[in-house]
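The lines below spell out each chain.
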Amino acid sequence: LKKGIFLETANVTRLRSVLAMAEDTETGRPGMMMITGETGIGKTVAAKNAHAIGGGVYLRVLEQMSQHDFLQALCFEIAGVRPHGSGRCKNRIIDEMGQAGANQTVYIDEADRLHRSRLEDLRDIHDLTGAPIVLIGEPGLSAQVASRARINNRIPAEFRVGFEPITTRDISMYASQAAGLKLTPDACAIVRQISRGIFRHAHNFIVSLDQMAKAAQTNKVDEVMARRLAPAKGGKK
Ligand SMILES: Nc1ncnc2c1ncn2[C@@H]1O[C@H](COP(=O)(O)OP(=O)(O)OP(=O)(O)O)[C@@H](O)[C@H]1O
Ligand SMILES: [Mg+2]
């Protein structure tokens, strides 16, 4: 399969329009943002693409990051330095972002790993700089955020982007762009069903279909070929 294919899924399009609202400083719509969705559904790929196009800062939270580790990593992304001490890191982040003037969007991936106090740090940064901050995580992130009124309050309903399962159209386009395969509507429906619309599973099925199609010396995938795929394990139906 071709590497690095980026598909403009319905989720990606929705994210783009919400980002445009959050980044619009003219209307001064305040707010933090949230992207949630099941593992493998395409959150990281979408956020990295938005970051690559629109700029800002992207940071992935690592398991067991302390407050200092986290603020230092964020400070490094924003200011290129790693000061000693959480307070110094935070001040430097706020200074630097305040100076930049234009809002730099901050993407925090795997935000469900953050200790609650780190969410408060992000709230401070958002309040003091006005920069849009995008929290990205699995569905449980919504509940974590809901228990922190001061964070919850800053994320308007329209700034919450729940990633939905990908569609048969997404699957058909991906198979075509990444592998040059032509899937019949029935074949797309089977891949959609057994992948449950999880992009990572759909990708793996298309890799398998590509191998089957090559063996059969064709680029067409019909229902019969798609039925030979075994359903993805794990997760809910
Ligand atoms: N828009 C896209 N275009 C092309 N491929 C995509 C896209 N979104 C997702 N993928 C494929 O699906 C895989 C999983 O996507 P991603 O890593 O973004 O999921 P996630 O929601 O961040 O999951 P998690 O963080 O739980 O692992 C990617 O490695 C890529 O192969
Ligand atoms: Mg991810």
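Scroll up to find the structure this text is about.
Residues numbered from 1 in each chain as written. Chains lettered and ligands numbered in written order. Predicted model: local features only at pLDDT ≥ 70, side-chain atom pairs only at ≥ 80, totals over all residues. Heavy atoms only, no water.

**Student:** In this structure, what is going on with the site of ligand 1? I would like to understand it.
**Tutor:** Of all residues adjacent to ligand 1, which total 17 residues, the nearest are Thr39, Gly40, Lys43, Thr44 and Arg200. Between Thr39 and ligand 1, the recorded distance is 2.7 Å, taken from a side-chain N or O atom to an oxygen atom. Here an oxygen atom of ligand 1 sits 3.5 Å away from a polar atom, N or O, in the side chain of Glu110. Notes on ligand 1: free accessible area 630 Å², of which the protein chains cover 83%. (Near = heavy atom within 4 Å. Polar contact = N/O pair within 3.5 Å; in protein donor to acceptor, adjacent residues only side chain to side chain. Areas by Shrake-Rupley, 256 points an atom, 1.4 Å probe, with all protein chains shown as cover.)

**Student:** Honestly, the packing of helix α8 (residues 168-179) against helix α10 (residues 199-215) in this entry has me stumped. Any pointers?
**Tutor:** Geometrically, a packed helix pair is captured by the angle between its two axes and the distance between the axes. In contact at an axis separation of 10 Å, α8 and α10 are set at 50° when each is read in the N-to-C sense. Judged on the interaxial angle alone, α10 and α8 are oblique. Where α8 crosses over α10, the two elements pack in a sense that is right-handed. Here α8 contributes Ile171, Tyr174, Ala175 and Ala179 to the contact with α10, which in turn contributes Phe199, Ala202, His203, Ile206 and Asp210. Residue composition of the contact of α8 with α10, by class: 7 nonpolar, 1 polar and 1 charged. (Axes fitted to C-alpha atoms, helices over the stretch in contact; angles between N-to-C directions. Helix = DSSP H or I, 4+ residues; strand = E, 2+ residues; numbered from the N terminus. Parallel < 35°, antiparallel > 145°, perpendicular 65-115°, else oblique. Left-handed = near helix turned anticlockwise from the far one by under 90°. Contact = heavy atoms within 4.5 Å. Nonpolar A, V, L, I, M, F, W, Y, C, P; charged D, E, K, R; others polar.)

**Student:** Even after reading the chapter, I still don't get the packing of helix α3 (residues 67-79) against helix α5 (residues 116-129), so can you show me in this structure?
**Tutor:** The geometry of α3 relative to α5 is characterised by a closest axis approach of 10 Å and an angle of 35° between their N-to-C directions. Note on packing geometry: the crossing formed by α3 with α5 is right-handed. Here α3 contributes Gln67, Phe70, Leu71 and Leu74 to the contact with α5, which in turn contributes Arg118, Asp121, Leu122 and Ile125. Class assignment of the residues belonging to the contact of α3 with α5 gives a composition of 5 nonpolar, 1 polar and 2 charged.

**Student:** Would you mind showing me how to read helix α1 (residues 10-23) here?
**Tutor:** Residues lying three or four places apart along an α-helix face the same way, a consequence of the helix completing one turn every 3.6 residues. Here α1 contains 14 residues, and its C-alpha end-to-end distance of 20 Å stays within 8% of the 20 Å for a straight helix at 1.5 Å per residue. Among all positions in α1, only Asn11, Val12, Leu15, Val18, Leu19 and Ala22 are buried. End-on view of α1: buried residues confined to an arc of 130°, all on one side of the axis. Next to the buried residues of α1 lie β1 (33-36), α2 (43-54), β3 (106-109), β4 (133-137) and β5 (160-162). (Expected span 1.5 Å × (residues − 1). Buried < 20%, exposed > 50% of the residue type's maximum accessible area, 1.4 Å probe, protein only. Arc of directions from axis to C-beta.)

**Student:** Explain the side chain of Lys90 here, please?
**Tutor:** Within the secondary structure, Lys90 is located in helix α4 (residues 86-100). Excluding residues that lie within four positions of it along the chain, Lys90 makes contacts with Leu71, Asp121 and Asp124.

**Student:** Just to check I follow, could you spell out the pairing of β1 for this structure?
**Tutor:** In the case of a regular strand, side chains alternate between the two sheet surfaces. Where burial is concerned, the two faces of β1 agree: the one with Met33 and Ile35 and the one with Met34 and Thr36 are both buried. Judged from the 4 bridges that link them, β1 and β4 form a sheet pairing that is parallel. Across the sheet, the residue bridging to Met34 is Leu135, located in β4. Sheet topology note: the β1/β5 ladder contains 3 bridges and is parallel. Counted as the bridge partner of Ile35 is Val161 from β5. (Pairing = 2+ DSSP bridges.)

Treat this as a map of the structure, not an account of what it does.
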